[in-house]
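# Structure assessment
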Amino acid sequence: MSTLSYAVRDSTTMVRRNLKHALRYPSMTVSVVAMPLVMLLLFNYVFGGALGSGIGGRPTGGGEPGAAYIDYVAPGIILMAATSGALSTAISVCSDMTEGIVNRFRTMSISRASFLTGHVVGSVLQTLVSIALVVGVALLMGFRPTATPVEWLATVGVLTLLILALTWLAAAMGLIAKNVETASNMPMPLTFLPFLGSAIVPPESMPAGLRWFAEYQPFTPIIETLRGLLMGTPIGNSGLIALAWCLGLTLAGYLWARAAFHRDARR
């Protein structure tokens, strides 16, 4: 077998290991899925009437508070579900680093790249499943996307690329964290940064300084791209900016994680 074949085989084994851990210890997965679901319920049913009145949307029968707002907020919450997966990645990587299993892996004849690859690919798959659950709940709550099959595929592609970027960043955070508690806190800004974008309300409704930050931070063009693909709103140049941010963050996260992993090996 070639070196690449060995690397693919070992990485596949590590992905299975990561997924089995998620099945045996589901509490972290459940908490990661629960947070965006709670946000969706909270912002639609509690704040939706007030927030949605200034945004407008699809009128629905029954006069339910926030019924029109669901079409605006759902793409933002879907993106939040993508960011939530970073938390479990950082914790699982840090757990392996602090519990000594990585030192055992280094004494074995396995690909060095397989450890991080297994965590990243496994976390991407888990996060995609959680996003599917969020989409399903949003549909039950009245979310009615107008996307064509091609636009749905494009949406999945954008989300997958974003998840990949955030997962590499989270893996790097897990590698440099001294303990699991630190690892659980480091990705939190990634989880809440969409709140300071266009996930909940349009940036135009924010004060001047916050509006500038919301317009130029990485999550806003990604949210607008998802909203445009799902709901048919204008995307403009947000698609290209979103793609550039995702590719840049992926490269930065990969290089950071690789450097941190090799630096730990030299200690």
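What follows covers the overall build of the protein. Looking only at helices and strands, the protein has 12 helices and 0 strands in total. Per-residue burial for the protein yields a buried fraction of 47% across its 267 residues. Once local pairs closer than 6 in sequence are excluded, the contacts in the protein between residues at least 24 apart make up 79%. Summed over all atoms, the accessible surface of the protein reaches about 12900 Å², with 69% contributed by carbon and sulfur.

Going through the model one piece at a time under the given rule, you end up with 3 cavities of 30 Å³ or more. In this structure, the largest cavity occupies an estimated 80 Å³ of space. Taken together, Thr29, Val32, Val33, Gly85, Ser88, Ser123, Gln126, Thr127 and Ser130 make up the lining of the largest cavity. Mapped by element, the contributors of at least two residues to the lining of the largest cavity are α2 (27-46), α4 (70-99) and α6 (114-140). The element that contributes the greatest number of residues to the lining of the largest cavity is α6, accounting for 4 residues. Each residue belonging to the lining of the largest cavity can be placed in one class, and the counts come to 2 nonpolar, 7 polar and no charged.

Looking now at the layout of surface pockets. Taken as a whole, the largest pocket encloses approximately 400 Å³ of empty space. Taken together, 18 residues form the lining of the largest pocket, with His21, Ala22, Met28, Ser88 and Ser92 sitting closest to its centre. Within the residue set of the lining of the largest pocket, elements represented by two or more residues are α1 (3-24), α2, α4 and α6. The biggest single contributor to the lining of the largest pocket is α4, with 7 residues. The class makeup of the residues in the lining of the largest pocket is 4 nonpolar, 11 polar and 3 charged.

We now examine the nonpolar core. Core analysis: the biggest nonpolar cluster contains 59 residues, and Leu175, Ile200 and Ile222 have the highest contact counts within it. Every element with two or more residues in this core is listed here: α2, α4, α5 (101-106), α6, α7 (149-176), α11 (219-231) and α12 (238-265). The leading source of residues in this core is α4, at 12 residues. In this structure Leu175 touches Val93, Met97, Phe115, Leu116, Ala257, Ala260 and Phe261, once residues within four positions along its chain are discounted. Membership of the second largest hydrophobic core comes to 6 residues, among which are Ala86, Ala170, Ala177 and Ala183.

Time to look at α4. For α4, spanning 30 residues, the distance from its first C-alpha to its last is 43 Å, which sits close to the expected 44 Å at 1.5 Å a residue. For α4, a buried count of 27 out of 30 residues is recorded, marking the element as mostly surrounded by other parts of the structure. Gly100 sits one or two positions beyond α4 and adopts a positive phi of about 90 degrees.

A word on a nonpolar patch on the surface. On the surface, Leu41, Leu42, Tyr45, Val46 and Phe47 cluster together into a nonpolar patch covering about 430 Å² of accessible area. Relative to the helices and strands, Leu41 is located in helix α2. Leu41 gets classed as partly exposed once you look at its relative accessible area, which sits at 40%.

Topologically, Thr89 is positioned in helix α4. Side chain to side chain, Thr89 and Ser123 meet in a polar contact 2.9 Å long.

Looking now at the packing of aromatic side chains. One pass over the structure, following the stated rule, counts 5 aromatic pairs. Geometrically, the ring pair formed by Tyr69 and Tyr72 is stacked, given 6.2 Å between the ring centres and 20 degrees between the ring planes. Under the relative-accessibility criterion, Tyr69 is labelled buried at 1%. Accessibility expressed as a relative area gives 12% for Tyr72, which makes it buried. A ring pair is formed by Trp212 and Tyr216, whose centres lie 5.4 Å apart and whose planes are at 40 degrees; its orientation type is tilted. Remark: Tyr216 and Trp212 occur in helix α10 (residues 208-216); sequence separation between them is 4 residues, near one turn of the helix.

Conventions and cut-offs
- Residues numbered from 1 in each chain as written.
- Predicted model: local features only at pLDDT ≥ 70, side-chain atom pairs only at ≥ 80, totals over all residues.
- Heavy atoms only, no water.
- Helix = DSSP H or I, 4+ residues; strand = E, 2+ residues; numbered from the N terminus.
- Buried < 20%, exposed > 50% of the residue type's maximum accessible area, 1.4 Å probe, protein only.
- Contact = heavy atoms within 4.5 Å.
- Areas by Shrake-Rupley, 256 points an atom, 1.4 Å probe, with all protein chains shown as cover.
- 1 Å grid on protein atoms, 1.4 Å probe; cavity = no way out; pocket = protein on both sides within 12 Å on 5 of 7 lines; lining within 4 Å.
- Points joined across faces, edges and corners; volume = space filled by probe spheres on them.
- Nonpolar A, V, L, I, M, F, W, Y, C, P; charged D, E, K, R; others polar.
- Core = buried A, V, L, I, M, F, W, Y, C linked by side-chain atoms within 4.5 Å.
- Expected span 1.5 Å × (residues − 1).
- Patch = residues over 30% accessible without salt bridge, like charges linked within 9 Å, V, L, I, M, F, W, Y side chains within 5 Å.
- Salt bridge = Lys/Arg side-chain N within 4 Å of Asp/Glu carboxyl O.
- Polar contact = N/O pair within 3.5 Å; in protein donor to acceptor, adjacent residues only side chain to side chain.
- Phe/Tyr/Trp six-rings, centres within 6.5 Å; stacked < 30°, edge-to-face > 60°.

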